[in-house]
Amino acid sequence: MDALIARFAGLQGPLLPLLHAVQDELGFIPRAAVARIAEGLNLSRAEVHGVVSFYHYFREHPPGRHVLRLCRAEACQAVGCEATEAHAKRTLGIDYEGTTADGQFTLEPAYCLGNCAAGPSLMIDDKLFGRVTPARLDELLAARKVRQ
Amino acid sequence: MSVKVYVSRDAAALALGADETAAALVAAAQAAGTAMQLVRVGSRGMVWLEPLVEVEVAGKRIGYGPVAAADVPALVGAGLFSGADHKLRLGVVDELPYIAKQERLTFARVGLIDPVDVDQYLAHGGYAGLKRALTLTGAQVVQEVTDSGLRGRGGAAFPTGIKWKTVLDQPAGQKYVVCNADEGDSGTFSDRMLMEGDPFTLIEGMTIAGIAVGATQGYIYLRAEYPHAAAALNEAIAVAKQRGYLGRDVLGSGKAFELEVRMGAGAYICGEETSLLESLEGKRAEVRFRPPLPAIKGLFGQPTIINNVISLASLPVIIEKGAQFYRDFGLGRSRGTLPIQLAGNIRHGGLVEKAFGVTLRELLYDFGGGSASGRPIRAVQVGGPLGAYIPEKDFDVQLDYEAFTAIGALVGHGGIVAFDDTVDMAKMARYAMEFCAIESCGKCTPCRIGSTRGVEVMDRIMKGGPERAADLRLLEDLCDTMQYGSLCGLGGMTPFPVTSALKHFPEDFVRNR
């Protein structure tokens, strides 16, 4: 943490880059990190918490091994993303912002992934997929599921 | 003699398997004993043909697509590397009507060159604009931008030259150039394609802006959903620095311009310029009151040019070829070209750069080929989630800022989302309110509370019952309050999709569900 804080403290407007670095490292922004960041950047804990909680991308709890971000914006709705969405929730047994009990998958909504000519779109971790039908989703999940 | 093969590295192509296709090509070339030079390029913008494979034969690029990895062995066997016939062969890509009918100024290089190879950029006319800008005074550059008629391509369509003049006229001191790359509107991806396919054009445009107004630091505020664009930009910035196009002494001019990419964090509101500045400063992205304008007190309280990706990326061609060249495209007060994005339920989705004046019908049918489902197109939403829904009767209106305003619509960032006749317009109206409720920054009441009330009233309208007529009146009243009482465009324009859906498709609002 200290090394990260030292790396970003010299930037103009260091808070978002630092929060990104923490989340890239840990997968989320733990409560303990908020206090350290506040101290390191000479901010109040409320200010840091306020920023973390404002942005949809920052997580306050650890995610599953893979994060699925499913687009539910208009262009994907026009090609039936609701069917993929319903299938994802049913198959994984979770709603948005939920993580499967085995800790493998977290499901999050996205509001446009910039792939609007080939929806429905899905991002798994940093990899983007187009034309994701329920059947295609099953394939993608099966390829990533770790056998217990 | 090796054969040159081009495959896109654009996120949309990757999403359809371009990496796998590229790997299969490498393996097949090896197996066939062919010396192949694989060039990863941006996308031509014909998304339905991705992964598109282009083979250079006698100086022309022959296209094949869409080519799945599994198609590659047979395709190579049939003579892919010599441009031989095959059912996936499309012909010379530059001669395909979809490409030939476009007027590509801003996107001239996208899909043609390796995005992060500055020598290819230079060979295709890159940095000619910056070189000319360095021979002019700041005031001359600003005048050129004003004369070109360029208006903000992010959606607000404010004249770019006037914004710049305001920054130029501020006393010397720390000034900034900020690129709004928080392309959050559904149905838009031109910023992403430009940043991934030709990042040097954006870098050059920002450098011209900085040098014109005396700003030494630039930031590209990029949405977190675009990791591929981030990688391309950072790679290109490093090359530009190394080659003297960025840094303390740009091309030996004695003028400094530094550039950095900053990542957003999944907040649609950051597309609004003042909240973007708050975010860059490390705060909650709450909208600022205006005045003061960002041009006078912007980032860290300093004079700031803040422009959309496409506005900035249009500058190199404007400065290179002159204001008159650019303003000869277009009509009325909408000059130049617009990179239009065809999205949603459309057969031939992708990017079409055309001069203003093209009609929706030409875009949807001549370029787009009608709906993907084969059913009639019932409505299109132009300009993102805050854009109006347009019915078929208005498809002949020319793409022009004023003509769109006259029919109660907006051009916005040029994204067109098509819906076929299975769409439920009441549901789309409800979604507009829901989206506003999710993305509201919370600073003003009409947006924060109004959007949630909007979802509730839409739920009642869709369910039906004796109160429906009263609820429809309430919805219109609520939209009026949001439109006129909100601090920024999010709350202020969310009523556009709602009231346009209600006006053009009233039958969907009186059906019980």
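Rules used in this analysis
- Residues numbered from 1 in each chain as written.
- Chains lettered and ligands numbered in written order.
- Predicted model: local features only at pLDDT ≥ 70, side-chain atom pairs only at ≥ 80, totals over all residues.
- Helix = DSSP H or I, 4+ residues; strand = E, 2+ residues; numbered from the N terminus.
- Rg over C-alpha atoms; globule rule 2.2 N^0.38 Å.
- Buried ≥ 20, exposed ≤ 12 C-beta atoms within 10 Å, placed from the backbone.
- Contact = placed C-beta atoms within 7 Å.
- Pairing = 2+ DSSP bridges.
- Axes fitted to C-alpha atoms, helices over the stretch in contact; angles between N-to-C directions.
- Right-handed = clockwise from strand over helix to strand, strands pointing away.
- Expected span 1.5 Å × (residues − 1).
- Bend = angle between axes of the 7 residues up to and from the residue.
- Domains from an automatic or database assignment.
- Nonpolar A, V, L, I, M, F, W, Y, C, P; charged D, E, K, R; others polar.
- pLDDT = per-residue confidence, 0-100.
- Parallel < 35°, antiparallel > 145°, perpendicular 65-115°, else oblique.
- Left-handed = near helix turned anticlockwise from the far one by under 90°.
- Core = buried A, V, L, I, M, F, W, Y, C linked by C-beta atoms within 7 Å.

How should I be thinking about the overall build of chain B in this particular structure?
Across its full length, chain B holds 22 helices and 16 strands. Scaling as 2.2 N^0.38, a compact globule of 513 residues should have a C-alpha radius of gyration of about 24 Å, and chain B matches this with 24 Å. Counting only C-alpha atoms, chain B reaches 75 × 60 × 40 Å along its principal axes. Counting the 513 residues in chain B, one finds 58% classified as buried. Considering only contacts within chain B whose residues lie at least 6 apart along the sequence, 72% involve residues at least 24 apart.

What should I look at first to understand the overall build of chain A in this one?
When you go through chain A residue by residue, the secondary structure sums to seven helices and four strands. Secondary structure elements in chain A, listed N-terminal to C-terminal, are α-α-α-α-β-α-α-β-β-β-α. With respect to the principal axes defined by its C-alpha atoms, chain A has extents near 50 × 35 × 20 Å. Expressed as a percentage of its 148 residues, the buried residues of chain A come to 39%. Contacts in chain A between residues far apart in sequence, at least 24 positions, make up 57% of those at least 6 positions apart.

In this structure, what is going on with the sheet that holds strand β5 (residues 89-92) of chain B? I would like to understand it.
Residue and element names in this part refer to chain B. Read from one edge of the open sheet, five strands run β2-β1-β3-β4-β5, paired in mixed fashion. Because the sheet does not close on itself, it has two edges, and the strands there are β2 (36-41) and β5. Taking the axes of each pair of neighbouring strands and ignoring which way they run, one obtains an average angle of 25° across the sheet. Where strand β4 (residues 60-64) lies against β5, three bridges are found, and the strand directions are antiparallel. Paired with Tyr64 across the two strands is Arg89, which belongs to β5.

In this structure, what is going on with the sheet that holds strand β15 (residues 389-391) of chain B? I would like to understand it.
Residues and elements named next belong to chain B. Strand order across the open sheet formed by five strands is β13-β12-β16-β14-β15, with mixed pairing between neighbours. For this open sheet the edge positions go to β13 (350-355) and β15, each flanked by a neighbour on one side alone. Averaged over all pairs of adjacent strands, the angle between strand axes in this sheet comes to 30°, irrespective of strand direction. Alignment of strand β14 (residues 377-382) against strand β16 (residues 415-420), held across five bridges, turns out to be antiparallel. Across the sheet, Val380 pairs through a bridge with Ala418, a residue of β16.

Please clarify how the pairing of strand β8 (residues 258-263) of chain B should be interpreted in this entry.
Regular strands have side chains that alternate between both faces of the sheet. All names here are of chain B. Bridge analysis of strand β7 (residues 217-222) against β8 gives six bridges, and the strand direction is parallel. Within the sheet, the bridge partner assigned to Leu222 lies in β8 and is Met263. Viewed along the sheet, the connection from β7 through helix α11 (residues 227-242) into β8 turns out right-handed.

What's the story with helix α19 (residues 445-463) of chain B in this structure? I'm lost.
An α-helix turns once every 3.6 residues. As a result, residues three or four positions apart point the same way. All names here are of chain B. An ideal rise of 1.5 Å per residue puts 27 Å on 19 residues; α19 measures up with 27 Å between its terminal C-alpha atoms. At Ser451, α19 shows its largest bend, some 25°. Those residues of α19 lying buried are Pro446, Cys447, Gly450, Ser451, Gly454, Val457, Met458 and Ile461.

For this particular structure, what's the right way to read the domain arrangement of chain B?
Often, the extent of an interface is quoted as the loss of accessible area on bringing the components together. Residues and elements named next belong to chain B. Segmentation of chain B into domains returns domain 1 (3-100), domain 2 (118-326), domain 3 (329-420) and domain 4 (425-509). Distance between the C-alpha centres of domain 1 and domain 3: 29 Å. Across the contact, five residues belong to domain 1 and six residues belong to domain 3. Tallied by class, residues from the side of domain 1 that touches domain 3 come to four nonpolar, one polar and no charged.

Please explain the confidence of the model for chain B as it appears in this structure.
The predicted coordinates of low-pLDDT regions are not to be read in fine detail. Overall, the predicted model of chain B reaches an average pLDDT of 97, with 100% of residues at or above 70. For this predicted complex, the interface confidence score (ipTM) comes to 0.97, while the overall pTM stands at 0.97.

Just checking my understanding: could you explain the interface of chain B and chain A for this structure?
Counting residues at the interface gives 46 residues for chain B, matched by 33 residues for chain A. Every element with two or more residues in the side of chain B that touches chain A is listed here: α1 (11-15), β8, α12 (273-280), β12 (337-344) and β16 of chain B. A breakdown of the residues in the side of chain B that touches chain A according to their chemical character gives 25 nonpolar, 13 polar and eight charged.

Help me understand the packing of helix α7 (residues 138-148) of chain B against helix α8 (residues 160-168) of chain B in this model?
Helices that pack against each other are described as a pair by the angle of their axes relative to one another and the distance between those axes. Residue and element names in this part refer to chain B. For the pair α7 and α8, interaxial distance at closest approach is 7 Å and the crossing angle is 160°. If you check the angle between α7 and α8, you find them roughly antiparallel. Pair α7 / α8 crosses with left-handed handedness. Every residue of α8 that contacts α7 at Gly138, Ala139, Val142, Val145 and Thr146 is listed here: Thr160, Gly161, Ile162, Trp164, Lys165 and Leu168.

How should I be thinking about the environment of B:Phe356 in this particular structure?
All names here are of chain B. Examined against the element boundaries, Phe356 turns out to sit in the loop between β13 and α16 (360-367). Overall, Phe356 belongs to the buried group, with 23 C-beta atoms counted inside 10 Å. Distance in space between the C-alpha atoms of Phe356 and Gly332 is 9.1 Å, their sequence separation being 24 residues. Those residues within four positions of Phe356 in sequence are excluded, and the remaining contacts are Gly330, Leu331, Ser334, Leu338, Leu399 and Asp400.

Is there a simple way to think about the packing of helix α9 (residues 190-197) of chain B against α11(B) in this case?
Residues and elements named next belong to chain B. Viewed as axis vectors pointing N to C, α9 and α11 meet at an angle of 35°, and their least axial separation amounts to 8 Å. Handedness of the α9/α11 crossing: left-handed. Listed contacts from α11 to Arg192, Met195 and Glu196 of α9 are His228, Ala229, Ala232 and Leu233.

Looking at this model, I keep getting lost on the nonpolar core. Mind explaining?
Soluble globular proteins: nonpolar side chains tend toward being buried together. Counting residues in hydrophobic clusters, the biggest one holds 213 residues, and the most contacted among them are B:Val178, B:Ala209, B:Ala212, B:Tyr221, B:Leu222, B:Leu233 and B:Val380. Those residues in contact with B:Leu233 that sit more than four places away from it in its chain are B:Met195, B:Pro199, B:Ile220, B:Leu222 and B:Val261.

Teacher, can you tell me more about unusual backbone geometry here?
With an omega dihedral of -10°, the bond running from B:Glu50 to B:Pro51 counts as a cis peptide bond. Note on placement: B:Pro51 falls in the loop between β2 and β3 (53-57). B:Arg290 connects to B:Pro291 through a cis peptide bond whose omega is -5°. In this structure, A:Cys112 is a non-glycine residue whose phi angle is positive, near 90°. Structurally, A:Cys112 can be placed in the loop between β2 (105-110) and β3 (122-124). With a phi angle near 50°, B:Ala58 is a residue other than glycine that sits in the positive phi range. If you trace the backbone, B:Ala58 turns up in the loop between β3 and β4.

It is not clear to me how the pairing of β7(B) should be interpreted in this structure. Could you clarify?
Residues and elements named next belong to chain B. Burial within β7 is extensive, with six of its six residues counted as buried. The side-chain alternation of β7 yields two buried faces, one formed by Gln217, Tyr219 and Tyr221 and the other by Gly218, Ile220 and Leu222. Two strands pair when backbone bridges link them, and strand β6 (residues 176-181) and β7 are joined in this way by six bridges, in the parallel orientation. Among the inter-strand pairings, Cys179 is bridged to a residue of β7, identified as Ile220.

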